[in-house]
Amino acid sequence: MAAYELPPSRSPNLALLHPTQEEKVETWKLNGTSWRDGGITFWILVDSTLPPNERPILASCESFRKRALVARAGKLEDALSHGIGSVFCDPDFRGRGYAQRMIEELGKKLDTWNQEDGKKTIFTVLYSDIGKKFYSKFGWEAFHSSHIALAPTSSENKTRLSGARPLRAADLEELCSLDEQFLRADIVRNVPRKKTRVALVPDLQTMQWHHAREEFAGREMLGREPDIKGAHVGCEDTSQVWCIWTRTFGSTEAGNTLHILRFSIQGEENIAHDDPEAGIDLTDLKSTDQAKVHGAAAVLHTAQVEAARWGMKEVQVWNPTPLIVLAARQIEPSTELTHRGDESIASLRWHGEPEDRKRVEWVGNEKYAWC
Ligand SMILES: CC(C)(COP(=O)(O)OP(=O)(O)OC[C@H]1O[C@@H](n2cnc3c(N)ncnc32)[C@H](O)[C@@H]1OP(=O)(O)O)[C@@H](O)C(=O)NCCC(=O)NCCS
């Protein structure tokens, strides 16, 4: 390309457009992202006075269409949301404000992107690996971002923690649809008058998107694909507890984590995520809830065994409920919450009326929502 003088980030010539095929390949080469599935839109910030394929890509990112639920004033609404990922600026162009300009423009585009019948987007999410400040300037506010971690174990516990069955891909459709039924009922129950509850739907497509990534990485890096996708247990009180997980493979073993994508505990009051630190004591619980704790401990133990089989460094559960923390402490009494300050900060932008922003509760703020 001929010598090109980079425009200022506030230049009116800059525009957020969609790349040509050739430009898409260039953005993949630049940020090393692998192929991803379905509902994806590619965005590039370019000088719109230059022709396609001859314009430097000043910054790039992707957005993923996601099904969402919004509960307010006693009503449940199906909505379409977006998750943003792969935010990237070529090292040669960094520090000039292009990434910020792109995010600012993207916020405006996503106000109506992919919506039908003139509807407006209600909320969108992203996960910041660069702290809380950068995205909050453009409306993506940091939400609760904590996790617990358990070490892998190669010794299968034959007594107290046994009894969970492994889940395979074919088992997930039924469980995801059951999970959605529970979520739809839970999210709308007892919504405080001034609150709006939002959730991304933990549907099969979302789980399959994560699993496509782990299968690709497993094939490429280890020559084998993970087939166990979670664990399920029927509790003594006849309720069901299960979790669906995925593995992330880092460039070193230290980066390998078995992530619980979604933890489902039938009958748990799963809405009150606000205070996961409020410790609860097993002996204070009704026997039916104690059964759920034992069930949750059994699926966590199965995750630990699977983590050992795949050389994972740890099992992580994002934003666990008090009941899940208690279950983890049945296995490892010293389990504590880690609050992330810089990486994977769950961030949500409210695209609706600004005065409603402070009233938003994010339900199901778990790893499955990550992109
Ligand atoms: C993050 C990234 C897109 C920023 O690009 P950039 O060109 O430096 O950003 P801009 O010039 O538009 O904005 C600069 C601002 O971003 C902040 N910023 C840039 N990189 C940052 C980082 N790694 N951590 C925290 N803040 C960062 C700067 O401090 C500056 O803030 P200020 O305006 O308050 O001084 C770029 O560094 C990059 O591609 N990094 C690798 C991929 C990545 O980490 N993506 C983000 C994933 S969430």
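Please read these numbers as outputs of a predicted model, since none were measured by experiment.

## Section: the site of the ligand
Neighbouring residues of the ligand: 18 residues in total, closest Val87, Cys89, Gly95, Gly97 and Gln100. Between an oxygen atom of the ligand and a main-chain N or O atom of Gly97, the distance comes to 2.7 Å. Contact between the ligand and Lys137: an oxygen atom at 3.3 Å from a side-chain N or O atom of the residue. At the level of secondary structure, the elements contributing two or more residues to the shell around the ligand comprise β4 (75–88), α2 (98–110), β5 (123–128) and α3 (133–136). Grouping the constituent residues of the shell around the ligand by class yields 9 nonpolar, 4 polar and 5 charged.

## Let's talk about the packing of aromatic side chains
For the coordinates displayed, the defined rule picks out 9 aromatic pairs. On the basis of an interplanar angle of 35 degrees and a centroid distance of 6.0 Å, the ring pair of Tyr127 and Trp318 is categorised as tilted. Placement of Tyr127 in strand β5 and of Trp318 in strand β13 (residues 314–318) is noted, with a sequence separation of 191 residues between them. The burial state of Tyr127 is the same as that of Trp318; both residues are buried. The interplanar angle of 80 degrees and the centroid separation of 4.9 Å between the aromatic rings of Phe134 and Tyr135 together place this pair among those described as edge-to-face. Classification of Phe134 by relative accessible area gives buried; the value is 18%. Taken together, the aromatic side chains of Tyr127, Phe143, Trp318 and Trp362 make up a single cluster linked through ring pairs. Stacked on the ring of Trp310, the Lys or Arg Arg224 has its end atom at 3.9 Å from the ring centre. Between the NZ or CZ atom of Arg349 and the centre of the ring of Trp140, over which it lies, the distance is 5.1 Å.

How each quantity is defined
- The residue numbering used here restarts from 1 in each chain and proceeds along that chain's sequence as written.
- Under the rules for a predicted model, residues below a pLDDT of 70 receive no local features and side-chain atom pairs below 80 are neither given nor counted, while totals for whole chains, interfaces and linings still include all residues.
- Hydrogens and water are ignored here; the side-chain numbers use all heavy atoms of the structure.
- Nearness is judged by heavy atoms alone; a residue qualifies as near a molecule or strand once a single heavy atom is within 4 Å of it.
- Here a polar contact means two N or O atoms within 3.5 Å. Within protein one must be a hydrogen donor candidate and the other an acceptor candidate, and residues neighboring in sequence count only if both atoms are side-chain atoms.
- Secondary structure follows DSSP: runs of H or I at least 4 residues long count as helices, runs of E at least 2 residues long count as strands, and numbering of each begins at the N terminus.
- Here the term charged refers only to Asp, Glu, Lys and Arg, the term nonpolar to Ala, Val, Leu, Ile, Met, Phe, Trp, Tyr, Cys and Pro, and the term polar to all other amino acids, Gly among them.
- Under the pairing criterion, centres of Phe, Tyr and Trp rings, with the six-membered ring standing for Trp, must be within 6.5 Å; the plane angle then separates stacked pairs below 30 degrees from edge-to-face pairs above 60, leaving the rest tilted.
- Think of it in three bands: residues with accessible area under 20% of the maximum for their type are buried, residues over 50% are exposed, and the middle band is partly exposed, with areas taken using a 1.4 Å probe on protein chains only.
- Only when the NZ atom of a Lys or the CZ atom of an Arg is both within 6 Å of the ring centre and within 35 degrees of the ring normal do we say a charge sits over the ring.

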